[in-house]
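Chain by chain, the residues:
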Amino acid sequence: NPETEKTLSQTQKLAIDICSLDKAMSLDHSMPRGATSFEARGTGGLQVYVTYDPKHLPKPEGSERWPLHADTEVIVSLKALSSALNDNKVRVSYYNETGRTPIAEAWVYITCVGKCQLDRQPVFSPGLLRQKGEEMTKWTWGPDGEGAVLLVNCDRDGPSYGNMDHTYPYVRSQADLQDLSLVILNINSPAGIFDNHKLMLHISIFDAAKVRVFHAAENTSVSHYENILGSDKLSYTVPPTDGRGQHTFYVEGLAFPDGDFNGLVSLNATLLEQTSLTSPATPVFTDTVVFHVAPWLMTPNTQRPLEIFVCSIEKGVNSNGKFLEAIKLLARKANCKLTICPEVENRGDRWIQDEMELGYVEAPHQSFPVVFDSPRNRGLKEFPFKQILGPDFGYVTREPKNGRVPPVSVKGRDYSLGRILIGSSFPGSGNRKMTKVVRDFLYAQKVQAPVELYSDWLTVGHVDEFLSFVPAPGKKGFRLLLASPLACLKLFEEKQKEGYGNAALFEGEVGKITLNEILTDRNLRQDSKYVQSCIDWNRSILKRELGLTERDIIDIPQLFTLEGSTATALFPDMVNMLVLGKHLGIPKPYGPIIHGQCCLEVEVRSLLEPLGLSCTFIDDFFSYHVLSGEIHCGTNVLREAFSFHCVDVPD
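Quantities reported herein were computed from a predicted structural model and do not represent experimental measurements.

Quick notes on the rules
Residues numbered from 1 in each chain as written. Predicted model: local features only at pLDDT ≥ 70, side-chain atom pairs only at ≥ 80, totals over all residues. Heavy atoms only, no water. Pairing = 2+ DSSP bridges. Helix = DSSP H or I, 4+ residues; strand = E, 2+ residues; numbered from the N terminus. Axes fitted to C-alpha atoms, helices over the stretch in contact; angles between N-to-C directions. Contact = heavy atoms within 4.5 Å. Parallel < 35°, antiparallel > 145°, perpendicular 65-115°, else oblique. Left-handed = near helix turned anticlockwise from the far one by under 90°. pLDDT = per-residue confidence, 0-100. Phe/Tyr/Trp six-rings, centres within 6.5 Å; stacked < 30°, edge-to-face > 60°. Buried < 20%, exposed > 50% of the residue type's maximum accessible area, 1.4 Å probe, protein only. Arc of directions from axis to C-beta.

Draft legend 1. Fine view of the sheet that holds strand E41 (residues 635-639). Across the sheet, which stays open at both edges, the three strands sit in the order E20-E19-E41 with mixed pairing between neighbours. Of all the strands in the sheet, the pair left with one neighbour each is strand E20 (337-341) and E41. Each strand axis lies, on average, 20° off the axis of its neighbour in the sheet, ignoring direction. In the sheet, strand E19 (residues 305-311) pairs with E20 via five bridges, with the strands oriented parallel. Looking at E20, one finds that Cys 311 is bridged to Cys 341. Running at roughly 160° to E20, helix H3 (residues 321-333) makes contact with E19, E20 and E41 of the sheet.

Given below as structure tokens:
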């Protein structure tokens, strides 16, 4: 007010500020010469109040005038968005000891802008954020957690040739776009705000290799979407609007959680003030949305089978034509798709379980299976990438060898997605262990906390040689099957007492051995005692880590022999089975024939069929067993994803 200014004994102080609607601001005011008190008032769009320490300063009565020497602070909060620049004002009046009229006044002109909000758009991406609240600067696990989920774009929705989609710095197709997470940048500010301000999207240098952002162009195809943030682009100036507007962005995950990456990435939007062309811009406020990259999830035997993969080996004495016919019949019983990898593609490598593991990734807006490829550099090395990677079927590689556990609850903690079993060496032995890069990767997925088992006592060293899981009625929904030399010897002793000591393993085959010969073989008994102790060690770990009781475990008769310092199955290893729902494909053990039936098959049926399971014994003796593997080693199964969501796992 010019008239008021003429009465002031000191020059009026003027400040202009930009403030976000969701934040209060503190006014920094200096003390004019001779002033002893002040009073602060604001226009209708503002709330102005003073904070103070009531222990040292009482609130003024009948006046809003405050002493300057006291520890006070003027706070301004904003009630509504500005309709024009500088349409809100705060006046601070200063008084001397007489206190009749102000000796000076300071004016602060404030523009209230709506925070440039990073948000989701349900019409394009339902449920992108697990929590509908406005807070997006943190990420927490659990059903009541909050935060956005980001997929690694590791499938191939583009042409049938080429690499995974995320290796290309552009959006390849509309289908490719569905694997990205949508972010809407809403700008709600008065016209003219961008005359001396700019809005910048940015990521940290640490996140640059983990995330890529595209700016959606209006009324054009996805091929024109601009790659604005990524490994070589840390910031992007958003094109100015007239103050209000909306920008659409798509965020792409580039890397899974790993030993050196916790899976969290942040996308930031910062409003910067540019006071002159020569001075650097200064930040006004920042909005942030935190994403967690969706982990890779394994599926256990108890999940419904969707597709079986197996190799065809036509040449040589170990051809598997007969085996394949049996698998075809089992697949039909289980109503499951069967994919046979021909010899021209597998190049004589039949061990498809060792080559790959099938799992999936999920976000609220998208989910697809992902093959985990082991770079064994054998005949099947190109099969997962060339034949499985494709539309809505992703690919990732490390060097895994592991097992899977169905959902369990242990000491009050739920592992609703199960746990991963890792083969390792006996504590202190320091021998064979999983490659560190694979171990780190599996631990980093977090939601299926690995359990390390002792498998170094086996010649091949895989956990599927001594355990398996099958679906079963009851609260847990499964049973753990453990190979048991003692159970086998006990069964054979019972049959010997019944007068069948001359019944033989491998009857009619080369190398048959009678029950009498087995039970009087001291070396075999000593081997069995050692193997049982190794399995019992793992039994204790599994009971502790999976919350199991003896009622949850079924001992499957099986004998092993030591070859040097490691063990190999004496007859086809029955726990190394193919589980397709209630249909089980079990290696035919060639056990002693009693009353026209294999006593080992009869025993296993008596253990599993009461659970509603159907046992089909498949001859894999020459096609797999003599080559140190069994049915599970020679097959792989894509299974249905869990209905439980990984983001709902408690931290």
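Still more to cover.
Draft legend 2. Molecular detail of the packing of helix H8 (residues 485-497) against helix H11 (residues 599-608). For the pair H8 and H11, the least separation of the axes is 11 Å and the interaxial angle reads 120°. Overall, the two elements H8 and H11 adopt an arrangement that is oblique. The handedness of the crossing between H8 and H11 comes out as right-handed. For the pair formed by H8 and H11, the contact residues are Cys 488, Leu 491, Phe 492 and Lys 495 on the first element and Cys 599, Leu 600 and Glu 603 on the second.

Draft legend 3. Seen up close, the confidence of the model for the chain. Scored by pLDDT, the chain comes out at a mean of 86, with 89% of its residues at no less than 70. With pLDDT under 50 throughout, residues 1-14 is counted as low confidence; its partners more than four residues away or in other chains account for 20 contacts. pLDDT under 50 marks residues 120-135. Its contacts with residues more than four places away, or in other chains, come to 40 contacts.

Draft legend 4. Region of interest: the packing of aromatic side chains. The final tally for this structure, using the stated rule, is 17 aromatic pairs. Seen from their ring centres, Phe 256 and Phe 441 are 6.0 Å apart, and the 75° between their planes marks the pair as edge-to-face. Here Phe 256, found in the loop between strand E15 (244-253) and strand E16 (264-273), pairs with Phe 441, found in helix H7 (residues 436-444); they are 185 residues apart in sequence, far enough to count as distant. A relative accessible area of 6% means that Phe 256 is categorised as buried. Plain terms: the ring middles of Phe 385 and Tyr 395 are 5.2 Å apart, the flat faces sit at 85° to each other, and that makes the pair edge-to-face.

Draft legend 5. Region of the structure containing H7. Within the sequence span of H7, burial applies to Val 438, Phe 441, Leu 442 and Ala 444. Projection of H7 onto a plane perpendicular to its axis shows the buried side chains occupying an angular sector of 160°, all on one side. In the stretch just after H7, Lys 446 is the one whose phi turns positive, near 70°.

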